[in-house]
Amino acid sequence: MIVTQENYNLILDVDSYKVSHFKQYPPNTKKLYAYIEARKLNNQELVFFGLQAFIKKYLLNPITQSDIDEAENFLTEHMGVFNRDDWEYVLKKYDGFLPIEIKSVDEGTVTKTTLPLLEVTNTDEKLPWLVTYIETALLRSIWYPTSVATISREIKKIIARYLSETTENFEEQLPFKLHDFGARGVSSYESSRIGGAAHLLNFVGSDTVEGAMFLKDYYDGTNISFSIPASEHSTITAWGKDNENKAHENIINQFLLEGKVIASVIDSYDTFETASKTISSELKEKIINSKGTLVVRPDSGKLPDTIIELLNTLSSEENFGYTLNSKGYKELPSYIRVIQGDGVDKNSIEDILISMKENNYSAANITFGMGGALLQKLDRDTYSFAMKVSAIHDGNTWKDVYKEPSNDKTKNSRRGRFAIVQNDELEVVDLEKLNQTNLLKTRYKDGKLYNETDLKVIRNKVEIN
């Protein structure tokens, strides 16, 4: 059988054991109230992102009779349990849309403290179990993009600090200083879309086209991302070792002479020989007269040593030289720069920038390309994301629900229902005692999207100070 398109069935987007939970809550349960929170921030500022896309893609598409039939056929065989009556009720009374309400803080909200990012409750008292049934899909839609956006923004803060210390008027450079190289290193096409989009809240440099399309589809994105012509090893090595200089000259002739920014990888054979002989000698005048910028990429070697040696080579008097900027740091001429794309993560970026500063080089000389460490080397435990029920309604009153394991206080859950308010920082308050604006706003209710946002608004929220 040829599968042309994956058919999504919300009923089957679930951990198996949840299918049995409708029989497990107290018989008089009318409503459940649950929240999602990152319980461990690691001294970082968390960036909330991803909910609107989940709502648009999944919750605004109703379940159908065929979804119910398919789920029954599978789950009856899989575990012997299926709640057909309630799913038929959802289909007939709500046209297949889930009768739940999701409230959240605004996407792009930055928080220094742990707090509930969103809350979920059922709007039909016949279906309290729906609140926790969607945990699998909903939690996944939040923890991954929020984690990527957070990591990307933390790196932006590091780069901004070193730029501000070693050069002036860096604000226009900063959005291009961390380039997303991660598309091929993630687990799926959808991961590249979601993770790539999360990075683009903070930067505009990316080779992950899928991320830009995600923002275009779900967040009305414009001016989303930018990239440049660049070589890879195959476009260099295809010319043969003896003709490596011709390979670099070709990419310069094809693109740089148009006044563009281009990048070329220089470690196919010998990074420093290529830098000194080919780039800084044979092609020097062509680069200088190009009206563009050549960015050289050393793709191997020990960090940060390789970067310092490369900068020393390029900035030597017999090669391109340098100027001292107003803060006293060396800057290469505007037509030659460096990008590091191998072994790049938060720690190595800071190590490189520290070493550059110690060697009197401005951070303006370098851009970073980051792949797996940006989009793949993280999981739900990076910030300890969890969804927990904190209140239950029995038809008369709300009662607190919580967990408090005696052997692990880090897994204690919150009690009751909450509001998020803005004082000096974002704070969690008891919903019953709320006397100021609740920042948890309705985003989805009974098949409709509320308080839609867009990329421009989110980017404004995540800007670093």
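Our subject is the structure that appears above.
Calculation criteria
- Residues numbered from 1 in each chain as written.
- Predicted model: local features only at pLDDT ≥ 70, side-chain atom pairs only at ≥ 80, totals over all residues.
- Heavy atoms only, no water.
- Core = buried A, V, L, I, M, F, W, Y, C linked by side-chain atoms within 4.5 Å.
- Buried < 20%, exposed > 50% of the residue type's maximum accessible area, 1.4 Å probe, protein only.
- Helix = DSSP H or I, 4+ residues; strand = E, 2+ residues; numbered from the N terminus.
- Contact = heavy atoms within 4.5 Å.
- Phe/Tyr/Trp six-rings, centres within 6.5 Å; stacked < 30°, edge-to-face > 60°.
- Pairing = 2+ DSSP bridges.
- Salt bridge = Lys/Arg side-chain N within 4 Å of Asp/Glu carboxyl O.
- Axes fitted to C-alpha atoms, helices over the stretch in contact; angles between N-to-C directions.
- 1 Å grid on protein atoms, 1.4 Å probe; cavity = no way out; pocket = protein on both sides within 12 Å on 5 of 7 lines; lining within 4 Å.
- Points joined across faces, edges and corners; volume = space filled by probe spheres on them.
- Nonpolar A, V, L, I, M, F, W, Y, C, P; charged D, E, K, R; others polar.
- Expected span 1.5 Å × (residues − 1).

As a further point, take the nonpolar core. Counting residues in each nonpolar core, the largest one holds 123 residues, and the members touching the most others are W87, L98, I159, L353 and F385. With 15 residues, the single largest contributor to this core is helix α5 (residues 135-166). Dropping the residues within four chain positions of it, L98 is found in contact with L10, L59, W87, V90, L130, I134, Y444, D446 and G447.

The subject of this paragraph is the packing of aromatic side chains. Taken as a whole, this structure holds 16 aromatic pairs when the rule is applied. Taking 6.4 Å as the distance between ring centres and 45° as the angle between the ring planes, the aromatic pair formed by F176 and F226 counts as tilted. Residue F176 is located in the loop between α5 and β6 (178-180), and its partner F226 is located in the loop between α7 (209-218) and α8 (233-237); the two are separated by 50 residues in the primary sequence. The class for F176 is partly exposed, based on a relative accessible area of 40%.

With that out of the way, let us pick up unusual backbone geometry. Backbone torsion omega between L303 and P304 reads 5°, so that peptide bond is classified as cis. Relative to the assigned elements, P304 resides in the loop between β8 (293-297) and α12 (305-315). One non-glycine residue, N42, adopts positive backbone phi at about 55°. Here N42 lies in the loop between β1 (31-38) and β2 (46-47). The phi dihedral of N43 falls on the positive side, at around 60°, and the residue is not glycine. Examined against the element boundaries, N43 turns out to sit in the loop between β1 and β2.

A few words now on the pairing of β1. Within β1, seven of the eight residues are buried, leaving the element largely enclosed by the surrounding structure. In the sheet, β1 pairs with strand β13 (residues 385-393) via eight bridges, with the strands oriented antiparallel. Looking at the pairing, Y35 lines up with K388 of β13. Looking at chain direction, β1 and strand β5 (residues 116-122) are connected through five bridges and run antiparallel. Bridging from a neighbouring strand, E37 pairs with P116 of β5.

Taken as a whole and judged by the stated rule, the model has 25 salt bridges. A salt bridge links D124 to K93; the shortest N-O distance between them is 3.9 Å. Of the two residues, D124 is situated in the loop between β5 and α4 (130-133) and K93 in helix α3 (residues 84-94); the sequence distance between them amounts to 31 residues. One salt bridge in this structure joins K357 and E165, with 2.7 Å as the shortest N-O distance.

Right, let's talk about the sheet that holds strand β14 (residues 398-400) for a bit. What the seven strands build is an open sheet, ordered β14-β13-β1-β5-β3-β17-β18; its pairing is antiparallel. For this open sheet the edge positions go to β14 and β18 (448-449), each flanked by a neighbour on one side alone. Pairing analysis gives four bridges linking strand β3 (residues 100-104) to strand β17 (residues 441-445), with the strands arranged antiparallel. Paired with S104 across the bridge in β17 is K441. Here α5 sits on the sheet in contact with β1, β3, β5 and β13, set at roughly 135° to β13.

Overall, parallel pairing links the five strands, which are arranged β6-β12-β11-β8-β7 in an open sheet. Because the sheet does not close on itself, it has two edges, and the strands there are β6 and β7 (261-265). Geometrically, the sheet is characterised by an average inter-axis angle of 30° between neighbouring strands, direction not taken into account. Taken together, the five bridges between β7 and β8 define a ladder with parallel strand orientation.

Before going further, it helps to spend a moment on empty space enclosed by the protein. Across all of its chains, the model carries two cavities of 30 Å³ or more by this definition. In this structure, the largest cavity occupies an estimated 80 Å³ of space. The wall of the largest cavity is formed by L51, Q52, I55, S104, V105, D106, E107, R443, L449, Y450, N451 and T453. Per-element accounting of the lining of the largest cavity gives the leading share, three residues, to helix α1 (residues 51-59). Residues belonging to the lining of the largest cavity are distributed by class as follows: five nonpolar, four polar and three charged. Contributing to the lining of the second largest cavity are Y35, E37, R39, A386, K388, N412 and S413. When contributions to the lining of the second largest cavity are tallied by element, the ones reaching two or more residues are β1 and β13.

Let us look at helix α2 (residues 65-79). The end-to-end C-alpha distance of α2, which contains 15 residues, comes to 21 Å, matching closely the 21 Å that a straight helix rising 1.5 Å per residue would cover. The inward-facing, buried residues of α2 abut α3. Just downstream of α2, G80 is the residue with a positive phi angle, here 75°.

Next up on the list: the layout of surface pockets. Volume-wise, the largest pocket comes out at about 1,200 Å³. In this structure, the largest pocket is lined by 37 residues; those nearest its centre are H179, I228, A263, I339 and T367. Broken down by element, the lining of the largest pocket gets its largest block of residues, four residues, from β7. Its residues assigned to classes, the lining of the largest pocket comprises 16 nonpolar, 12 polar and nine charged. Space inside the second largest pocket adds up to approximately 840 Å³.

Take the environment of T114 next. As for its placement among the helices and strands, T114 is situated in the loop between β4 (110-111) and β5. Its relative accessible area of 31% is what places T114 among the partly exposed residues. Distance in space between the C-alpha atoms of T114 and E45 is 9.6 Å, their sequence separation being 69 residues. Those residues in contact with T114, other than ones at most four positions away along the chain, are E37, A38, R39, K40, L41, R414 and V428.

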